[in-house]
Amino acid sequence: MKTPVTVLGLGAMGTALARAFLAAGHPTTVWNRTPGRSRELDALGAVRAASAAEAVAAGPLVVVCLLDDSTVRATLEPLAADLTGRTLVNLTSSLPSQARALAEWAAGHGVDFLDGGIMAVPVLIGGPQAFILYSGSTAAFEQYASDLKAAARPAYVGKDPGMASLHDFTLLSAMYPMLGGAAHALALISGEDISPTAFTDDYLVPWLSAMLGQLPAMAKDLEHGPDGPAGSNLAMQANGFHELVDLAVEQGVDPAMIAPMEKLLQRAVSEGHGDEDLAALVPLLRGGA
Ligand code: NDP
């Protein structure tokens, strides 16, 4: 028999996780604060527990996916004794410090603990593009990785329970400005006789894909130092950037999304990095404002 799995939380993500465990043949017990959520799981064979404690008692592997850290703490703290001897996998988004504190709480109650960062939206769960970052107990990961694979490809990023969250939020921090930049670009053309779909397919995606291809070189420069003169030096970029802000104003678009980049480039130049490439921004940002 496959490992029984308990899923606490049937929001959009918890429901997708439960569905994936059921699809992979795991006996799956579910609980949600508001009863009756995600009725479609019943037909797939989910067992509905009347209480969170009853759900936890159903098996050795407890996956929790609630709104945030405070919700998790409020839900789990009364269940400490029920969780003892089981493995808790927290897939709720939380800060590294919160994951570490939850790990400490779990250890104090004899609960094996993994924190996870879900790199997917609900519709991708169970599919080939989804992956989930895990950190914390190596033994728990080794024991349950093959079960957790039902939800998404598991990637273990370290014993420190904060590492999954650090990786997760770092990846999101790169994603949001990119998508915000795309929204800014679409706003720039929105009053024009340009199809957003055609523009995106023909130009935006190929352009951003080509630029993403430059990231490994940037990381390499950062790790080993530049291996030649900058192809696109920061002085040149800072000099021209105001035109992007001017264009936004001309098109009646709020430049809030791109304006901080102009300030950052100007700062890099004023601090003597004008002849360097974008990798020079990394230590600058690390140094704080
Ligand atoms: P939803 O808003 O759909 O669901 C929230 C869940 O939290 C519900 O089960 C809700 O129960 C429960 N909840 C809220 N407050 C409490 C409380 N005080 N006590 C007990 N339960 C509570 O969120 P998602 O499912 O989308 O997200 C869940 C987690 O997954 C979040 O941390 C999110 O960051 C993370 N995540 C989500 C992704 C997504 O695309 N959806 C992507 C990656 C991570 P009730 O039904 O009773 O309100």
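Computed from a predicted structure; not experimentally measured. (Residues numbered from 1 in each chain as written. Predicted model: local features only at pLDDT ≥ 70, side-chain atom pairs only at ≥ 80, totals over all residues. Heavy atoms only, no water.)

Bringing the overall build of the protein chain into the picture now. Along its length, the protein chain carries 13 helices and 8 strands. Counting only C-alpha atoms, the protein chain reaches 65 × 45 × 30 Å along its principal axes. Evaluated residue by residue, the protein chain yields a buried proportion of 40% over its 289 residues. Within the protein chain, residue pairs in contact and separated by at least 24 positions form 60% of the contacts whose partners lie at least 6 positions apart. For the protein chain, the accessible surface area stands at approximately 15300 Å², while carbon and sulfur atoms represent 60% of it. Within the protein chain, one finds 16 positive and 30 negative side-chain charges whose respective centroids are separated by 13 Å. (Helix = DSSP H or I, 4+ residues; strand = E, 2+ residues; numbered from the N terminus. Buried < 20%, exposed > 50% of the residue type's maximum accessible area, 1.4 Å probe, protein only. Contact = heavy atoms within 4.5 Å. Areas by Shrake-Rupley, 256 points an atom, 1.4 Å probe, with all protein chains shown as cover. Lys, Arg positive; Asp, Glu negative; His and termini not counted. Charge placed at Lys NZ, Arg CZ, Asp CG, Glu CD.)

On inspection of all chains with the given rule, the structure shows 3 aromatic pairs. With centroids separated by 5.8 Å and ring planes inclined at 45 degrees, the aromatic side chains of tyrosine 134 and phenylalanine 141 adopt a geometry described as tilted. Ring pairing ties together the aromatic residues Tyr134, Phe141 and Tyr156, which thus form one cluster. (Phe/Tyr/Trp six-rings, centres within 6.5 Å; stacked < 30°, edge-to-face > 60°.)

Moving on, we get to the packing of helix H4 (residues 69-76) against helix H6 (residues 96-108). H6 packs onto H4 with a crossing angle of 10 degrees between their chain directions and a minimal axis gap of 11 Å. Accordingly, the angle class assigned to the pair H4 and H6 is roughly parallel. Contacts between H4 and H6 pair Asp69, Val72, Arg73 and Leu76 from the former with Gln98, Ala101, Leu102 and Trp105 from the latter. Of the residues contributing to the contact of H4 with H6, the split by class is 5 nonpolar, 1 polar and 2 charged. (Axes fitted to C-alpha atoms, helices over the stretch in contact; angles between N-to-C directions. Parallel < 35°, antiparallel > 145°, perpendicular 65-115°, else oblique. Nonpolar A, V, L, I, M, F, W, Y, C, P; charged D, E, K, R; others polar.)

To continue, consider a nonpolar patch on the surface. Together, Met178, Leu179, Leu212 and Leu215 make up a nonpolar patch on the protein surface, roughly 340 Å² of accessible area in all. With respect to the helices and strands, the residue methionine 178 is situated in helix H8 (residues 163-189). By relative accessible area, which is 34% here, methionine 178 ends up partly exposed. (Patch = residues over 30% accessible without salt bridge, like charges linked within 9 Å, V, L, I, M, F, W, Y side chains within 5 Å. Salt bridge = Lys/Arg side-chain N within 4 Å of Asp/Glu carboxyl O.)

Reported here for the second largest pocket is a volume of approximately 610 Å³. If you go around the second largest pocket, you meet 24 residues; those closest to its centre are Gly11, Met13, Cys65, Leu66 and Leu67. Mapped onto the lining of the second largest pocket, the elements with two or more residues apiece are helix H1 (12-23), H4 and H8. Among the elements that line the lining of the second largest pocket, the one with the most residues is H1, at 3 residues. (1 Å grid on protein atoms, 1.4 Å probe; cavity = no way out; pocket = protein on both sides within 12 Å on 5 of 7 lines; lining within 4 Å. Points joined across faces, edges and corners; volume = space filled by probe spheres on them.)

Although it is not a glycine, serine 38 sits at a positive phi angle of roughly 55 degrees. If you trace the backbone, serine 38 turns up in the loop between strand E2 (28-31) and helix H2 (40-43). Under the relative-accessibility criterion, serine 38 is labelled buried at 16%.

Turning to the site of the ligand, a few remarks are in order. If you check the shell around the ligand, you find 21 residues, and the closest are Met13, Asn32, Thr34, Arg37 and Ser93. Backbone polar atom of leucine 66 to an oxygen atom of the ligand: 3.1 Å apart, as the coordinates give it. In this structure, an oxygen atom belonging to the ligand sits 2.6 Å away from a side-chain N or O atom of serine 93. Considered on its own, the ligand offers 910 Å² of accessible surface; in the complex 73% of this is hidden by protein. When atoms are counted within 2 Å of each cavity's grid points, the one that captures over half of the ligand is the second largest pocket. Tallying contributions element by element places H1 first for the shell around the ligand, with 3 residues. Its residues assigned to classes, the shell around the ligand shows 10 nonpolar, 9 polar and 2 charged. (Near = heavy atom within 4 Å. Polar contact = N/O pair within 3.5 Å; in protein donor to acceptor, adjacent residues only side chain to side chain. Sits in = over half its atoms within 2 Å of the grid points.)

For the rest of this paragraph, the subject is the side chain of threonine 29. In this structure, threonine 29 sits in strand E2. When neighbours within four sequence positions are excluded, threonine 29 is seen to be in contact with Val5, Thr6, Val7, Val47, Ala49, Ala55 and Ala58.

This part takes up the pattern of salt bridges. Counted by the stated rule, this structure contains 7 salt bridges. Residue aspartate 227 is joined to lysine 220 by a salt bridge in which the shortest nitrogen-to-oxygen separation is 3.9 Å. Judged by relative accessible area, aspartate 227 falls into the exposed class, the value being 70%. A cluster of three or more residues bridged by salt bridges with shared partners is formed by Arg39, Asp42 and Arg48.

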